[in-house]
Amino acid sequence: MGFEDRRFNVNLSILFTELPLLERPAAAAAAGFTAVELWWPWVDSPTPERSALAALKRAIEDAGVQLTGLNFYAGRLPGPDRGALSLPGVESERFRANVEVATGFAESVGCTALNALYGNRVDGVDPAEQDALALENLVLAARAADRIGAILLIEALNRPESPRYPLVGAPAAVGIVDKVNEATGLGNAKFLMDLYHLSMNGEDLPRVIETYAPKTGHVQIADNPGRGAPGTGSLPLADLLDQLTKAGYDGLVGLEYKPGDRPSAEAFDWLPR
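Heads up: these notes are all about the structure in this document. (Residues numbered from 1 in each chain as written. Predicted model: local features only at pLDDT ≥ 70, side-chain atom pairs only at ≥ 80, totals over all residues. Heavy atoms only, no water.)

A few points about the overall build of the chain
And then number 1: The number of helices and strands found in the chain is 8 helices and 8 strands.
And then number 2: Taking 2.2 N^0.38 as the reference for a compact globule, 273 residues should give roughly 19 Å; the C-alpha atoms of the chain span a radius of gyration of 17 Å, in line with that estimate.
And then number 3: Overall, the chain is about 50 × 45 × 35 Å in size when its C-alpha atoms are taken along their principal axes.
And then number 4: A total of 273 residues make up the chain; the buried ones form 55% of that total. (Helix = DSSP H or I, 4+ residues; strand = E, 2+ residues; numbered from the N terminus. Rg over C-alpha atoms; globule rule 2.2 N^0.38 Å. Buried < 20%, exposed > 50% of the residue type's maximum accessible area, 1.4 Å probe, protein only.)

Some points on the environment of leucine 22
And then number 1: Topologically, leucine 22 is positioned in the loop between β1 (8–11) and α1 (24–30).
And then number 2: Between the C-alpha atoms of leucine 22 and glutamine 243, which are 221 residues apart in sequence, the distance is 36 Å.
And then number 3: Not counting residues up to four positions away in its chain, the partners in contact with leucine 22 are Ala55, Leu56 and Ala59. (Contact = heavy atoms within 4.5 Å.)

Focus: helix α7 (residues 205–212)
And then number 1: By the burial criterion, the buried members of α7 are Leu205, Val208, Ile209 and Tyr212. Considered in projection along α7, the buried side chains sweep an arc of 100 degrees and stay on one side of the axis. More than 90 degrees from the buried face of α7, the exposed residues found are Arg207 and Glu210.
And then number 2: Looking at the buried side of α7, the elements it contacts are α5 (170–184), β6 (189–194), α6 (195–200), β7 (216–221) and α8 (237–246). (Arc of directions from axis to C-beta.)

So, in structure tokens, the structure goes:
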């Protein structure tokens with residue numbers, strides 16, 4: 001078992017970034033992947049020009065890969081931001097404007113998972129106010145995702161790298177998943193289990209898998225320390241993926257790691273062919 005019986009997709013916002021965006025789907029296909037995922041590619045624009053959306057759609061289709069996951073607008077990512085949906089004012093408005101654009105694009109390419117990053121705490125704003133706004137926006141996103149037959153993913157990040165992000169553990173993220181599902185009655189909100197982030201929090205990964213696999217809609221991996229490819233750190237990723245399988249998770253595993261000081265195409269030597 002281990003890596004051999006698992007299906008992987010590659011995140012084109014952290015791998016193949018040495019290439020222009022529109023060249024990355026074909027590069028992933030050349031490396032042997034049939035599925036890819038993306039953070040929101042236009043960090044400064046929640047509502048890019050139709051021509052930009054059409055060009056990305058064409059690049060994905062021409063490469064013959066399936067886009068299986070897409071982030072909603074999340075601000076500057078990579079960068080100082082960790083989402084927009086809980087930030088009062090302009091950023092929350094930008095998130096709302098993005099919801100229909102992102103779901104429309106996802107529907108056009110058959111993407112059925114949309115990730116909504118919660119956003120950092122804001123100085124001088126009551127956390128309860130942010131949480132109420134977040135729930136309102138997540139309900140909006142969940143309903144939009146449901147209209148295209150997609151799930152809404154809610155992710156836990158890690159405290160060392162995202163100290164102002166409130167969802168820094170699996171229980172916190174799953175708690176929001178439950179609140180969204182209760183509010184909508186749709187049941188399409190799911191946990192995004194990123195084993196790198198959870199390991200950085202010092203969480204008991206086998207226990208997290210045992211407890212939360214039934215509520216998990218997607219899994220992402222990178223080794224720790226370093227957020228590199230499997231085998232560059234000390235996480236027993238093959239064993240953890242075996243446990244996920246036994247716990248009933250049979251979905252894709254997203255490769256969301258840094259290639260290091262080599263081209264991305266050379267960062268898959270750990271992967272059985």
